[in-house]
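Structural features, examined
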Amino acid sequence: MSLTFHWFLPTYGDSRNVVGGGHGVPVGAAGGERPATLGYLTQIARAAEQLGFTGALTPTGAWCEDAWLTTAMLARETERLKFLVAFRPGFVVPTLAAQMASTYQRHTGGRLLLNVVTGGESHEQRAYGDFLDKDARYTRTGEFLEIVRELWQGKSVDFEGEHLRVENAKLTRVPDPVPEVYFGGSSPAAGAVAARHSDVYLTWGEPPAQVAEKIAWIRRLAEAQGRTVRFGIRLHVIARDTADDAWAETRRLLAGFSPEAVQAVQAGLARSESEGQRRMLALHGGSDDGLEISPNLWAGIGLVRGGAGTALVGSHREVAERITEYHRLGIDEFILSGHPHVEEAYWFGEGVLPLLAADGLWTHPAGASAAGASGASVPFAGTVTAGR
């Protein structure tokens, strides 16, 4: 089975330094020297498509642009790239969401993937008019996905749950193909929903032993439901021609983190209700000492950014080896990002993907001819890319 790689669209702005946002980071704290214009996001999306990424994750929250609208516009600027649209079930009713997905699939030729985000921060949920607590939000997410999946099967749905109710709901046209559902979460409530409804369970980039525990946990829950689930991981990446060059980049990034900024971000993240965020914080404890928490796994990103806070760092071969290690645990999909997102897409796409292809672990989604045209068919050899 070929591994699947997705890139990331920073719809809050980009920079040569780490741009924070999400999970306790104040609204307005995100943003960088490169605004998230449609033109700039198009650059990233086209680079990802050319290099061989299957899709691109777009985040959700008050700190970034709306994912549905942004990716719908970007679909006209790309040909093959899929869009992993993050959205929160509490903000849109299930029948409308099912209809939106169906329309999206028809107009893009089936390029929608859905990242269902229950929402880990009550204060942000309340700003959108959602006053349920965390456990109730997960219950509602389960009801939401049950309704949506039945609608996608062309059924007429009558449903009355604890939080959601529909009568005689039916789609005029079902999506083709049905979008795959990506779902993450580390709490017991999240695990139950993931096992019952997700196609791909996502974890943030924890050390391999912890990832293995999560995979085993979700597999047991899914088997109890008579289901199988695929697994993906969300990581940043800093891959260079040599390990020294890659670690030098971490030192450069770290030098841009002022003590005041780290303290402010960590104070906000400490109030997060997300179990996954708690696990991310535990990896570094708010300190810049000992940030290599596992071979080639650096926790420095999490000092100034909520959500995914770790990066694979090393030479192209070392990064490829760590990806292979995660794959042996059961990870088949990798959602990656780097700062800035155009340049880092090329470092990874020209440096790491050819090595994985040579190892028989990856093929370009558009075929061998596209891989050759993108430069991803031969190992990276120091090619100069403008703006790198």
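Definitions and cut-offs
Residues numbered from 1 in each chain as written. Predicted model: local features only at pLDDT ≥ 70, side-chain atom pairs only at ≥ 80, totals over all residues. Heavy atoms only, no water. Helix = DSSP H or I, 4+ residues; strand = E, 2+ residues; numbered from the N terminus. Expected span 1.5 Å × (residues − 1). Buried < 20%, exposed > 50% of the residue type's maximum accessible area, 1.4 Å probe, protein only. Arc of directions from axis to C-beta. Contact = heavy atoms within 4.5 Å. Pairing = 2+ DSSP bridges. Right-handed = clockwise from strand over helix to strand, strands pointing away. Phe/Tyr/Trp six-rings, centres within 6.5 Å; stacked < 30°, edge-to-face > 60°. Core = buried A, V, L, I, M, F, W, Y, C linked by side-chain atoms within 4.5 Å. pLDDT = per-residue confidence, 0-100.

Thoughts on helix H7 (residues 208–224)
- Taking 1.5 Å as the rise per residue, H7 with 17 residues should run 24 Å; its terminal C-alpha atoms sit 24 Å apart, in good agreement.
- For H7, the complete set of buried residues consists of Pro208, Val211, Lys214, Ile215, Ile218 and Ala222. An end-on view of H7 places all buried positions within 115 degrees of arc, on one side of the element. Those residues of H7 that are exposed and angled more than 90 degrees off the buried face are Ala209, Glu213, Arg220, Glu223 and Ala224.
- For H7, the secondary structure elements touched by its buried residues are helix H6 (188–197), strand E8 (200–204), strand E9 (230–240), helix H10 (275–284), strand E10 (292–294) and helix H11 (316–329).
- Among the residues trailing H7, Gly226 stands out with phi positive, at a value near 70 degrees.

Thoughts on the pairing of E8
- In terms of burial, E8 is largely enclosed, as 4 of its 5 residues are buried.
- When strand E7 (residues 181–184) meets E8, the two strands line up parallel, connected through 3 bridges. Looking across to E8, one finds that Phe183 is bridged to Tyr201.
- A crossover links E7 with its parallel partner E8, the connecting element being H6, and its sense is right-handed.
- With respect to chirality, the unit in which E8 leads through H7 into the neighbouring parallel E9 is right-handed.

What to know about the packing of aromatic side chains
- Taken as a whole and assessed by the stated rule, the structure comprises 13 aromatic pairs.
- Both rings, one in Trp7 and one in Phe53, keep their centres 5.1 Å apart while their planes meet at 45 degrees; by these two values the pair is tilted. One end of the pair, Trp7, is in strand E1 (residues 4–8); the other, Phe53, is in the loop between helix H1 (38–51) and strand E2 (55–58), with 46 residues separating them in the sequence. Like Trp7, the residue Phe53 is buried in the burial classification.
- Taken together, a centroid distance of 6.3 Å and an interplanar angle of 70 degrees make the contact between Tyr138 and Phe183 edge-to-face. Taken together, the residues span a long stretch of sequence, with Tyr138 in helix H5 (residues 134–152) and Phe183 in strand E7 at a distance of 45 residues.

A word on helix H12 (residues 341–351)
- Of all 11 residues in H12, 11 are buried; the element is thus mostly enclosed.
- For H12, the set of buried residues is His341, Val342, Glu343, Glu344, Ala345, Tyr346, Trp347, Phe348, Gly349, Glu350 and Gly351.

Here's the deal with the environment of Ile44
- As for its position among the elements, Ile44 is in helix H1.
- For the pair Ile44 and Tyr201, spaced 157 residues apart in sequence, the C-alpha separation works out to 25 Å.
- Beyond its immediate sequence surroundings of up to four residues, Ile44 is in contact with Trp7, Phe8, Leu9, Pro10, Asp14, His341 and Val342.

Some details on the pairing of strand E13 (residues 333–337)
- Burial of E13 is extensive: 5 of the 5 residues sit out of reach of the surface.
- Because side chains alternate across E13, one face comprises the buried residues Glu333, Ile335 and Ser337, and the other comprises Phe334 and Leu336, equally buried.
- Here E1 runs beside E13; their pairing, made up of 3 bridges, is parallel. In the strand pairing of E13, Thr4 is matched with Glu333.
- Taken together, the 5 bridges between E9 and E13 define a ladder with parallel strand orientation.

A few points about the nonpolar core
- In terms of nonpolar packing, the biggest core is built from 78 residues, with Phe5, Ile323, Tyr326, Phe334, Phe348 and Leu356 touching the most fellow members.
- Leaving out residues up to four positions away in the same chain, Ile323 has contacts with Leu3, Phe5, Leu312, Phe334, Phe348, Val352 and Leu356.
- Counting 17 residues, the second-largest nonpolar core is a separate cluster that includes Val18, Ile238, Leu253 and Leu303.

Regarding the confidence of the model for the chain
- Overall, the predicted model of the chain reaches an average pLDDT of 92, with 92% of residues at or above 70.
- Counting interchain partners and residues more than four positions distant, the pLDDT-below-50 stretch residues 376–388 has 29 contacts.

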